[in-house]
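Okay, here's what each chain looks like letter by letter:
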Amino acid sequence: PWQIGIDSSSVMEWAQCPGEERSTPQQAVVEQQQSYETEWDMINAVSFPKRKPCSNGEGALNHTHEKSKWAFTFSVWDLRSITVKKEGSSRLMFRLKEPPTSLPVLHFHQGGSEDFLDCLRRYALITEAPDDETCLLVSTPNRALSQSFENLLDDNNYGLVTKLKNDPYVTTLGGFSKVTNYIFDAFRGPELEQQQRPPEEMADLDILGLGEVIPGLEINQQEEPGFEVITRIDLGARPEVTRRQPLSAEDWAEHQEKGGRMKNVPHLKKIIFKGGLCHAVRKEAWKFLLGYYPWDSTYEERKGLQRRKTDEYFRMKLQWKSVSEEQERRNSRLRDFRSLIEKDVNRTDRTNRFYEGVDNPGLVLLHDILMTYCMYDFDLGYVQGMSDLLSPILYVMENEVDAFWCFVSFMDHMHQNFEEQMQGMKTQLIQLSTLLRLLDLAFWNYLESQDSGYMYFCFRWLLIRFKRELSYPDVLRMWEVMWTGLPCQNFHLLVCCAILDSEKRKIMEENFGFNEILKHINELSMKLDIEEVLHKSEAICMQIRSCKDLPHSIIEILGFNTESELPRLEGREFGTLDSPQSPRPTQRQEVFSNGHNGHYREPLQNGCKVTFIS
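The structure contained in this document is the topic of the report that follows. Numbering of residues begins from 1 in every chain and follows the order in which that chain's sequence is written. Totals for whole chains, interfaces and linings use every residue, but because this is a predicted model, local features are given only for residues with pLDDT of at least 70 and side-chain atom pairs only at 80 or more, for both listing and counting. Note that water and hydrogens are dropped before the side-chain values are worked out from all heavy atoms of the structure.

A few points about the overall build of the chain
Piece 1. Numbered from the N terminus, helices here are DSSP runs of H or I no shorter than four residues, and strands are runs of E no shorter than two. In terms of regular secondary structure, the chain is built from 24 helices and 11 strands.
Piece 2. Each residue gets one of three labels from its accessible area relative to the maximum for its type: buried under 20%, exposed over 50%, partly exposed in between, using a 1.4 Å probe on protein chains only. Relative to its 614 residues, the chain shows a buried fraction of 56%.
Piece 3. Of the roughly 27,700 Å² that the chain leaves accessible, carbon and sulfur atoms contribute 48%. The method behind every accessible area is Shrake-Rupley, applied with a 1.4 Å probe, and residues are considered shielded solely by the protein chains displayed.

Structure below.
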């Protein structure tokens, strides 16, 4: 066998398929030997201790591996290029980055080299060198997450349906949820396609391999935060709540002082949470809600801020605009970002009047802002899905500079959703599962019995904040309500719970399995009533807050105050109009971005607990 490293701590092990006669070590695939061991398949993932990088390159090659003296390993992150030779049988020659090290040549005497390269593309971006068609350049930027989304259902080893390969954007944001009846069998592989699955039979997550479909998304018991076990708790009756009309321009003006400072901000946020904003106010109000404008700034201070931010924006824009074609040929990351952005811009919200038609100036602005963001945050660059977050902001702002800085503020909250390790997504899925377990243990147990307890079917909801689930006006309303920070932290998780609460009866009565749940949730797109969802989400928050015996994990997820303050909140429509208070400052906290807020970890006896803070 031989191994290919996915990251610094694990490798994928490849070996001969069952039924084939195993070759001896002398017949292993190396340049000096002949071999006909061409039928191979992925059998399992193997974890190794992380190795310190060796300056002499010895860490890259390991010819004394316990399974075979010919085995060798290397990390895909260390791979610089692959040279493909096709005189007679195919040969692949690998070259590492630092130090430049050549590895033993892999021979494919009876084919299989293209399949191997296709599999490698799941973990790295492979492009043809401009001056040598036999040389493939390997890059592993942070958009590896984007690559994994593009290949969400693209795994030849499982015999997946080719129709989903035609549009990587569908696999990015629709593929995970847009699962129809044929997907189940596709995941399970061709050897199981002939079996008839009874309706009550549910998918096995190990067979589905969601961790391989979306690398980094695996959730296991060691990774799950050390939340206490939640038993059945009587939350009491769900209270009635009322909502109001959107905040008008006159109401907004009443909250401004003569010099431009906003006054009575907590009350203003409550009004926005209760009814949203009329469209005429959004262009100005969103700048405050997203943090682009400070609430206590004056007109003059905001004018000065805009001048500085305009200069900064166009300096960054000039950086990528001034790159020549020759320079770009030597900058694979910028080239890849540009290619992906151009592809996504051409299919983002094209039915909206702001982006419809050919040569629409809105599309140019969308492209330029996303390219400039790559200069602002080159470590992240561009990942598919980010265009969905920018589109409504640009639509409201109708100004390139203002839209860019509002998008930057939004991305500060959403950053970990798009990072390679997907820590933000994993944490939110775990927390959503925890909340649902508290709210409806019977429904949670049903989902758990269908291998859906980790809420993978809500992935798209969380990734781009319901952008694909709601109509365009409803997306604007949902986002501005969530940006108030009321009535609790992580309100978007309660929105998920509210939607699921409305759908649980159908899911359980019709005995939906894993695949049927995915299909049903996907089909909710554009069918949700935004006011009904927000109404129920707020009522759920009040119901949970009124409970005196909440598990500590729930208090931390939703940012409720300490137990001594909880009785004071009873009977009130909101616990507090200000942003939720952070946990006690005496605790040592390690803060880092996640989802709509940050979160910190503090040690428990058996694990850690995850808390979201403002």
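Some words on helix H20 (residues 491-509)
Piece 1. Every helix has an expected span of 1.5 Å times one less than the residues it contains. Under the 1.5 Å per step criterion, the end-to-end length of H20 is 28 Å for 19 residues, consistent within 8% with the ideal 27 Å.
Piece 2. Here the bend at each residue means the angle between axes fitted to two seven-residue stretches, the one ending at that residue and the one beginning there. In H20, a bend of some 50° at Glu503 exceeds every other bend along the element.
Piece 3. Looking at the residues trailing H20, positive phi occurs at Asn511, about 55°.

Brief notes about the pairing of strand E4 (residues 79-85)
Piece 1. In terms of residue burial, E4 counts as a mostly covered element, since 5 of its 7 residues are buried.
Piece 2. Sheet topology places E4 next to strand E5 (residues 90-96); 6 bridges connect them, and they run antiparallel. Each residue of the ladder has a partner; that of Thr83, found in E5, is Met93.
Piece 3. Paired strands, as defined in this entry, are two strands with at least two bridges between them according to DSSP. Where E4 folds back onto E5 in an antiparallel hairpin, the turn is made up of 4 residues, including Gly88, whose phi is positive at roughly 75°.
Piece 4. Pairing of E4 with strand E8 (residues 132-139) involves 3 bridges; the strand directions are antiparallel. Of the residues in E8, the one forming a bridge with Ser81 is Leu137.

Side note on the sheet that holds E8
Piece 1. On the basis of which strands lie adjacent, the open sheet formed by 5 strands has the order E6-E5-E4-E8-E7 and antiparallel pairing. In the strand order of this sheet, the two ends are held by strand E6 (106-108) and strand E7 (125-129), each with one partner. Strand-to-strand twist across the sheet, computed as the mean angle between neighbouring axes with direction ignored, equals 25°.
Piece 2. Both E7 and E8 contribute to a ladder of 5 bridges, which runs antiparallel. When the sheet's bridge partners are listed, Ile126 is paired in E8 with Val138.
Piece 3. Residue contacts follow a heavy-atom distance rule, with two residues in contact if any of their heavy atoms lie within 4.5 Å. Orientation is described by axes fitted as lines to C-alpha atoms, over the contacting stretch for helices, and by angles from 0 to 180 degrees between their N-to-C directions. On the sheet, helix H1 (residues 113-120) packs against E4, E5, E6, E7 and E8 and is oriented at approximately 30° with respect to E5.

Considering the packing of helix H12 (residues 332-345) against helix H13 (residues 361-376)
Piece 1. Packing of H12 against H13 leaves a shortest axis separation of 10 Å and a crossing angle of 150°. Taken together, the axis directions place H12 and H13 in an arrangement best described as roughly antiparallel. Considering how the two elements wind past one another, H12 and H13 form a crossing that is right-handed. Contact residues: Leu334, Phe337, Arg338, Ile341, Glu342 and Val345 in H12; Leu363, Leu366, His367, Leu370, Met371, Cys374 and Met375 in H13. Our angle categories are set so that under 35 degrees counts as roughly parallel, over 145 as roughly antiparallel, 65 to 115 as roughly perpendicular, and the remainder as oblique. A clockwise turn of the near helix away from the far one marks a right-handed crossing, whereas an anticlockwise turn of less than a right angle marks a left-handed crossing.

Concerning the pattern of salt bridges
Piece 1. Any carboxyl oxygen of Asp or Glu within 4 Å of a side-chain nitrogen of Lys or Arg constitutes a salt bridge here. Scanning the entire structure with this criterion turns up 27 salt bridges.
Piece 2. With its nearest N and O atoms 3.5 Å apart, the salt bridge here joins Arg330 to Glu326.
Piece 3. On the basis of relative accessible area, Arg330 is assigned to the exposed category, the value being 62%.
Piece 4. Classification of Glu326 by relative accessible area gives partly exposed; the value is 45%.
Piece 5. Three or more residues are tied together by salt bridges with common partners; here these are Arg238, Asp440, Asp501, Lys504 and Lys536.

Digging into the pairing of E5
Piece 1. Here E5 shows a clear split, with Ser90, Leu92, Phe94 and Leu96 buried on one side and none of Arg91, Met93 and Arg95 buried on the other.
Piece 2. Of the strand pairs in this sheet, E5 and E6 are connected by 3 bridges, and their pairing is antiparallel. If you follow Ser90 over to E6, its bridge partner there is Phe108.

Quick look at the nonpolar core
Piece 1. Within the largest apolar cluster, 125 residues are counted, with the highest numbers of intra-cluster contacts made by Trp252, Phe418, Met478 and Ile544.
Piece 2. Not counting chain neighbours up to four residues away, the residues in contact with Ile544 comprise Leu438, Leu439, Leu494, Leu550, Ile554, Leu558 and Phe560.
Piece 3. What makes a nonpolar core is a set of buried Ala, Val, Leu, Ile, Met, Phe, Trp, Tyr and Cys residues whose side-chain atoms join them at distances within 4.5 Å. Counting residues in hydrophobic clusters, the runner-up holds 19 residues, among them Phe74, Val84, Ile126 and Val138.

Details of the state of the cysteines
Piece 1. Put simply, a disulfide is two cysteine sulfurs that come within 2.5 Å. This structure, assessed with the given rule, holds 0 disulfides.
Piece 2. Of the cysteine sulfurs around Cys458, a residue in no disulfide, the closest is that of Cys496, at 5.2 Å.

Comments concerning a negative patch on the surface
Piece 1. A surface patch of negative charge is lined by Glu128, Asp131, Asp132 and Glu133.
Piece 2. By secondary structure assignment, the location of Glu128 is in strand E7.
Piece 3. By relative accessible area, Glu128 is classed as exposed at 52%. A residue counts toward a patch only above 30% relative accessible area and without a salt bridge, and it is joined to like-charged neighbours within 9 Å or, for Val, Leu, Ile, Met, Phe, Trp and Tyr, to nonpolar neighbours within 5 Å. Asp and Glu are treated as the negative residues and Lys and Arg as the positive ones, with His and the ends of the chain left uncounted. Charged groups are reduced to one reference atom each: NZ for lysine, CZ for arginine, CG for aspartic acid, CD for glutamic acid.

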